[in-house]
Amino acid sequence: MSVPKLVLNNGVVIDQLGLGVFQIPPAETKAAVLAALEVGYRHFDTAQMYGNERGVGEAIAESGIPRDEIFVTSKLNNNSHEPDVAKAATARSVEALGGPMDLYLIHWPMPAVGDFVDTWRLMECFAAEGLTRTIGVSNFQIPHLQRVLDETATVPAVNQIEVHPYFQQDALRAFGREHGIVTQAWSPIAQGKVLGDAVLAAIAAETGRTVAQVVLRWHLERGDVIFPKSTRPERMAENFDIFDFALTDDQTARITALDAGLRGGPNPDEFNWIPD
Ligand SMILES: NC(=O)c1ccc[n+]([C@@H]2O[C@H](COP(=O)([O-])OP(=O)(O)OC[C@H]3O[C@@H](n4cnc5c(N)ncnc54)[C@H](OP(=O)(O)O)[C@@H]3O)[C@@H](O)[C@H]2O)c1
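Calculation notes
- Residues numbered from 1 in each chain as written.
- Predicted model: local features only at pLDDT ≥ 70, side-chain atom pairs only at ≥ 80, totals over all residues.
- Heavy atoms only, no water.
- Phe/Tyr/Trp six-rings, centres within 6.5 Å; stacked < 30°, edge-to-face > 60°.
- Lys NZ or Arg CZ within 6 Å of the ring centre and 35° of its normal.
- 1 Å grid on protein atoms, 1.4 Å probe; cavity = no way out; pocket = protein on both sides within 12 Å on 5 of 7 lines; lining within 4 Å.
- Points joined across faces, edges and corners; volume = space filled by probe spheres on them.
- Nonpolar A, V, L, I, M, F, W, Y, C, P; charged D, E, K, R; others polar.
- Near = heavy atom within 4 Å.
- Polar contact = N/O pair within 3.5 Å; in protein donor to acceptor, adjacent residues only side chain to side chain.
- Areas by Shrake-Rupley, 256 points an atom, 1.4 Å probe, with all protein chains shown as cover.
- Sits in = over half its atoms within 2 Å of the grid points.
- Helix = DSSP H or I, 4+ residues; strand = E, 2+ residues; numbered from the N terminus.
- Pairing = 2+ DSSP bridges.
- Contact = heavy atoms within 4.5 Å.
- Axes fitted to C-alpha atoms, helices over the stretch in contact; angles between N-to-C directions.
- Parallel < 35°, antiparallel > 145°, perpendicular 65-115°, else oblique.
- Left-handed = near helix turned anticlockwise from the far one by under 90°.

1. Concerning the packing of aromatic side chains
Part 1 of the reasoning: Counted by the stated rule, this structure contains eight aromatic pairs.
Part 2 of the reasoning: One aromatic cluster is present, formed by Trp-108, Trp-186, Phe-271 and Trp-273 through successive ring pairs.
Part 3 of the reasoning: The residue whose ring lies beneath Arg-147 is Phe-116, and the NZ or CZ to ring-centre distance is 5.3 Å.
Part 4 of the reasoning: Taking NZ or CZ as reference, Arg-217 lies 5.8 Å from the ring centre of Phe-245, over its face.

The structure is reproduced here in structure tokens:
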């Protein structure tokens, strides 16, 4: 069975499942992406902050798979919101990835550091220049999104935010849905923290699947885009094998009941970290 696809608000099509490469060391990224391509992944989520865009680009080039069959996302770093710095950083991403991006995100809004609406206008320019097919944001809260909607001409195609069974973000997801903004759920298995959950283990037993598969399936059925990270080919294959079963309403309700408002990562309203 093939990966379900979503159409973004500018008509660009995205696979609902990909591979995230956060915390994959640069020297291991090419091998990880090649292994994922072998499994069947055609969608990769990287970032300037991860330092491993080049490995993604090299793997795609080496695979021989036509570039237009692969979807690559990268993200503007927190230290690169100033116009000249942003232009240079974006040019470096395009070079490292071996060509224009499919999706380019503002990684964090950084509200205490600068005006993310100005940064969004730069993103509009990068799209107009053909450096990316589409643009979006990451870690934006409703007030951040509202300002972009009110003050600019382009609705972000996606908002990439932390979402998993312990942190379900339904208000922010609903706001996105209302405005044609697809939610991308980062840390979809909470970096492994949900894997020991007794409720999820029971549902895994009922479905004959692993806990990771149950959780990833739950995300797909909610309509979000996900890219679980793994460097292990057997886990990449496990995470990719979720298209041929469905959760019952009762199973979905039991997962919904696990929401605990438990963030694993930083709060975007407070996060103003600038890398060197
Ligand atoms: N925009 C943002 O600010 C932001 C923030 C965080 C993440 N992200 C994106 O979201 C992606 C995914 O999030 P994440 O990497 O934080 O966390 P995640 O995908 O929820 O979890 C990854 C962790 O789970 C393990 N794992 C993966 N599949 C497994 C399986 N089937 N069974 C058991 N363990 C498994 C991985 O270990 P192994 O590698 O050893 O398998 C790794 O330790 C990132 O790679 C990145 O692309 C974006």
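2. A short note on empty space enclosed by the protein
Part 1 of the reasoning: Tallied over the full model, the rule gives one cavity of 30 Å³ or more.
Part 2 of the reasoning: Volume-wise, the largest cavity comes out at about 30 Å³.
Part 3 of the reasoning: Every residue lining the largest cavity is listed: Asn-139, Gln-141, Ile-161, Glu-162, Gln-169, Trp-186, Arg-263 and Pro-268.
Part 4 of the reasoning: Here the lining of the largest cavity is composed, by residue class, of three nonpolar, three polar and two charged.

3. Some remarks on the site of the ligand
Part 1 of the reasoning: Neighbouring the ligand are 28 residues, the closest being Asp-45, Ser-187, Gln-191, Lys-229 and Ser-230.
Part 2 of the reasoning: In this structure, an oxygen atom belonging to the ligand sits 2.8 Å away from a side-chain N or O atom of Gln-191.
Part 3 of the reasoning: For the ligand, the protein covers 90% of the area, taking 900 Å² as the surface of the free molecule.
Part 4 of the reasoning: With respect to the detected pockets, the ligand is housed in the largest pocket.
Part 5 of the reasoning: Its residues placed into classes, the shell around the ligand shows 12 nonpolar, 10 polar and six charged.

4. Section: the layout of surface pockets
Part 1 of the reasoning: If you add up the space inside the largest pocket, you get close to 740 Å³.
Part 2 of the reasoning: Together, 38 residues line the largest pocket, and Phe-22, Gln-23, Ser-187, Gln-191 and Lys-229 are the ones closest to its centre.
Part 3 of the reasoning: Elements with a contribution of two residues or more to the lining of the largest pocket: strand S8 (158–162) and helix H9 (233–240).
Part 4 of the reasoning: The greatest single-element share of the lining of the largest pocket, amounting to three residues, is contributed by H9.
Part 5 of the reasoning: Its residues placed into classes, the lining of the largest pocket shows 16 nonpolar, 14 polar and eight charged.
Part 6 of the reasoning: Taken as a whole, the second largest pocket encloses approximately 230 Å³ of empty space.
Part 7 of the reasoning: Lining of the second largest pocket is provided by 16 residues; of these, Asp-68, Ile-70, Phe-71, Asp-102 and Arg-133 occupy positions nearest its centre.
Part 8 of the reasoning: Looking at the lining of the second largest pocket, the elements that each hand over two or more residues are strand S2 (13–15) and strand S6 (101–106).
Part 9 of the reasoning: The biggest single contributor to the lining of the second largest pocket is S2, with three residues.
Part 10 of the reasoning: A breakdown of the residues in the lining of the second largest pocket according to their chemical character gives six nonpolar, two polar and eight charged.

5. A look at the sheet that holds S6
Part 1 of the reasoning: Across the sheet, which stays open at both edges, the eight strands sit in the order S3-S4-S5-S6-S7-S8-S9-S10 with parallel pairing between neighbours. Here the strands that pair on one side only, and so sit at the sheet edges, are strand S3 (19–20) and strand S10 (225–226).
Part 2 of the reasoning: Sheet topology note: the S3/strand S4 (residues 43–45) ladder contains two bridges and is parallel. Looking across to S4, one finds that Gly-20 is bridged to Asp-45.
Part 3 of the reasoning: Packing of helix H4 (residues 116–128) onto the sheet brings it into contact with strand S5 (71–76), S6 and strand S7 (132–138), and relative to S7 it is tilted by some 165°.

6. Things to note about the packing of helix H7 (residues 198–207) against helix H10 (residues 249–256)
Part 1 of the reasoning: It is the contact of H7 with H10, at a shortest axis distance of 10 Å, that shows an interaxial angle of 160°. Comparing their axes, H10 and H7 come out roughly antiparallel. At the point where H7 passes H10, the crossing takes the left-handed sense. Between H7 and H10, the contacting residues are Val-199, Leu-200, Ala-202, Ile-203, Glu-206 and Thr-207 on the first element and Gln-251, Arg-254 and Ile-255 on the second.
Part 2 of the reasoning: Looking at the contact of H7 with H10 residue by residue, the class counts come to five nonpolar, two polar and two charged.

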